[in-house]
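A closer look at the structure
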Amino acid sequence: MLLFGDPIIDWSAILKIVIAALIGGSAIVIVYGFLLLGLKYAGVGDPGQTHTERSKMTGYAIATICAIVVIGVIALGIYAIIQKPS
Amino acid sequence: MGSTLILVIMVATAVAFDFTNGFHDTANAVATSIATGALKPMVAVIMSGCLNFLGAFISISVAATIATGVVDPSVTSTAGGLEIVLAALTGAIIWNLTTWCLSIPSSSSHAIIGGLVGAAVAAVGSHAVSFHGIMEKVVAPAVLAVLICGAVAAIGTFAAYVMVRRLGDRQARTGYRYGQIGSAALVSLAHGTNDAQKTMGIIALALISTGHISAAHFYVPLWVKFVCAGAISLGTVTGGWRIINTMGNRITSIESPQGFAAEAASGSVILASSYYGYPLSTTQVVSGGVTGAGIGKKQPVHWAVFGQMVSAWILTIPGAGIVAAGAWEIADIFGQNSKVGCIVIVAITIVIAAVLWTIAQRSAIGAKDLDRTNVTPEQEAARAAGGDVASPAVA
């Protein structure tokens, strides 16, 4: 889009914002959902169900990996802001 | 001495604007968490206030945009530069308080930008304003950010409910409530990186006009960061309950998975935009996120309320600009760089603020009216299915 001959939208920046938003917004929701699913398999917050050791281990492993991803994306977002030159 | 007094008045007015920015805008970061009962209202705003304080120190790229990208710094460096900034602030404060009184979430960012434009045009003419900068850095990103955040939140909400079906209602809703605490914290931090800096930019603009800072070697002094971070945090803790009510309850009915998706989308859009130096409105982004969360679950969105907000967004820059231009004209009656003129427009602003505050108290909404932490995940599910759960204030 142009205003007085100069581009008014930096589409490459907008594209990067869209990608960051999709990763930080949508993908995190999915990963967080898998974190909750892992906790369910591990029997956390679900005392009525019986869970095998294998199920618990798998659940904890999924939850741990997802937690690392969620925290990592948040940390990456904050790091990007800190590193932004003024 | 005269310009020092005007500078002090201007900084005090900027801090007052930052405070209104806090209670008008910042609480939007936690509106969905309060609406779903993930957080008690007071706990939410205190947490948000602390994270806003922290976020204010993270980056100054938005402050630089406000200080040098909207109005030609050479204009604010002139003898009447401080009056221009002061008039801009009064325009923004009055616009903020008016929309707060009407319970409409509008943009404090656009209010201050509109104020700067209006005051600068009134003082020296339209050539002082970088309309290209406004379109590039303000208007276009604002429109796109709402659309992007809405789309991302809709996708996130759809994905969240796919997970809800696999997890079971109770576990999912409890889990997403915990997630909302984290996402609300992230949005609050993101808000601090974005909104607190706007006032830093304004004060820096005044310091440029008095020669304390060079526009060519722009920086924000540490005391300015502390004062701005403190003011916006205090405003946040005061709690803009009227706007929280509109955002959390009146656009659409929000459940914890939707709230999490909306906040995650909002936080990521605001952080990414701050990185590129776009002074986005948190209000607009979160509104887009909440609306997208409603669309993602295919539930009714109150388009009349959304339409009111969009109307306010469109009117914000011209509205605040007209008020600011009027303020500059009043100050100008007393002559350029006049202490009396500055004191008069500040006094008028205080009177208008008091009147708007009094009007708002007739239909006051408090933290207790919005507390939903007593609503269990089962009740939330029943409400979603059309069951009867006591609704919070939605007047």
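Keep in mind the model is a prediction, meaning the values are calculated, not measured.

A count of helical and extended segments in chain A gives two helices and two strands. Secondary structure elements of chain A occur, N-terminal to C-terminal, as β-β-α-α. Expressed as a percentage of the 86 residues in chain A, the buried residues total 30%. When contacts within chain A are restricted to residue pairs at least 6 apart in sequence, long-range pairs at least 24 apart make up 48% of them.

On to the overall build of chain B, then. Within chain B, the secondary structure is distributed over 18 helices and zero strands. Long-range pairs, those at least 24 residues apart, make up 88% of the contacts in chain B with a sequence separation of at least 6.

Another aspect to go through is the environment of Val44 of chain A. Residue position: Val44 of chain A is located in the loop between helix H1 (11–41) and helix H2 (53–83). The sequence separation of Val44 of chain A and Tyr60 of chain A amounts to 16 residues, and the corresponding C-alpha distance is 9.3 Å.

Before going further, it helps to examine the environment of Ala324 of chain B. Residues and elements named next belong to chain B. Position of Ala324 relative to the elements: it lies in helix H15 (residues 303–333). Through-space distance from the C-alpha of Ala324 to that of Ala119 is 5.2 Å; in sequence the pair is 205 residues apart. Leaving out residues up to four positions away in the same chain, Ala324 has contacts with Ala87, Ala88, Thr90, Gly91, Gly115, Gly118 and Ala119.

The next thing to look at is unusual backbone geometry. Residues and elements named next belong to chain B. In this structure, Ser103 takes a positive phi of about 60° despite not being glycine. On the secondary structure map, Ser103 appears in the loop between helix H6 (81–101) and helix H7 (108–124). Even without a glycine there, the phi angle at Lys298 is positive, about 55°.

Because an α-helix packs 3.6 residues into every turn, residues spaced three or four apart end up facing the same way. Residues and elements named next belong to chain A. Helix length check: H1 (31 residues) gives 43 Å between terminal C-alpha atoms against 45 Å at 1.5 Å per residue, within 8%. Of all the bends in H1, the greatest, near 35°, is centred on Ala27. Phi for Gly43, located one or two positions after H1, is positive at around 85°.

Counting from both sides, the interface comprises 41 residues of chain B and, opposite them, 33 residues of chain A. Those elements giving two or more residues to the side of chain B that touches chain A turn out to be helix H4 (61–68), helix H8 (131–167), helix H9 (169–194) and helix H13 (256–275) of chain B. For the side of chain B that touches chain A, the leading source of residues is H8 of chain B, giving 16 residues. A per-class count over the side of chain B that touches chain A returns 26 nonpolar, 13 polar and two charged.

Next up on the list: helix H12 (residues 241–250) of chain B. Counting buried positions over the ten residues of H12 of chain B gives ten, a clear majority of the element. Buried within H12 of chain B we find Trp241, Arg242, Ile243, Ile244, Asn245, Thr246, Met247, Gly248, Asn249 and Arg250 of chain B.

All names here are of chain B. Within the secondary structure layout, Trp328 lies in helix H15. Trp328 gets classed as buried once you count the C-beta atoms within 10 Å, which come to 26. With 150 residues separating them in the primary sequence, Trp328 and Tyr178 have C-alpha atoms 49 Å apart. Contacts of Trp328, omitting those with residues within four sequence positions, involve Glu83, Ile84, Ala87, Ala119, Ala122 and Ala123.

All right, on to the packing of helix H10 (residues 196–209) of chain B against helix H11 (residues 222–238) of chain B then. Any two packed helices are characterised by the angle at which their axes cross and by the distance between the axes. Residue and element names in this part refer to chain B. Where H10 meets H11, the axes come as close as 9 Å, and the angle between the chain directions of the two elements is 135°. When the axes of H10 and H11 are compared, the pair comes out oblique. Between H10 and H11 lies a crossing of right-handed hand. Mapping the contact onto sequence places Ala196, Thr199, Met200, Ile203 and Ala204 in H10 and Val224, Lys225, Cys228, Ala229 and Ile232 in H11. Residue composition of the contact of H10 with H11, by class: eight nonpolar, one polar and one charged.

All names here are of chain B. Contact geometry of H6 with H7 gives a least axis separation of 7 Å together with a crossing angle of 140°. When the axes of H6 and H7 are compared, the pair comes out oblique. Considering only the axes of H6 and H7, their crossing is right-handed. Between H6 and H7, the contacting residues are Ile84, Ala87, Ala88, Leu89, Gly91, Ala92, Trp95 and Asn96 on the first element and Ser108, Ala111, Ile112, Gly114, Gly115, Leu116, Gly118, Ala119, Ala120 and Ala123 on the second. Residue classes in the contact of H6 with H7 are distributed as twelve nonpolar, six polar and no charged.

The next thing to look at is the confidence of the model for chain B. As a note on interpretation, predicted positions should not be read in detail where pLDDT is low. Residue and element names in this part refer to chain B. Across chain B, pLDDT averages 82, with 87% of residues at or above 70. Throughout residues 387–391 the model reports pLDDT below 50, and contacts reaching past four residues in sequence, or to other chains, amount to five contacts. ipTM for the predicted complex: 0.83, alongside a pTM of 0.82.

Here is what the cut-offs are and how they apply
- Residues numbered from 1 in each chain as written.
- Chains lettered and ligands numbered in written order.
- Predicted model: local features only at pLDDT ≥ 70, side-chain atom pairs only at ≥ 80, totals over all residues.
- Helix = DSSP H or I, 4+ residues; strand = E, 2+ residues; numbered from the N terminus.
- Buried ≥ 20, exposed ≤ 12 C-beta atoms within 10 Å, placed from the backbone.
- Contact = placed C-beta atoms within 7 Å.
- Expected span 1.5 Å × (residues − 1).
- Bend = angle between axes of the 7 residues up to and from the residue.
- Nonpolar A, V, L, I, M, F, W, Y, C, P; charged D, E, K, R; others polar.
- Axes fitted to C-alpha atoms, helices over the stretch in contact; angles between N-to-C directions.
- Parallel < 35°, antiparallel > 145°, perpendicular 65-115°, else oblique.
- Left-handed = near helix turned anticlockwise from the far one by under 90°.
- pLDDT = per-residue confidence, 0-100.

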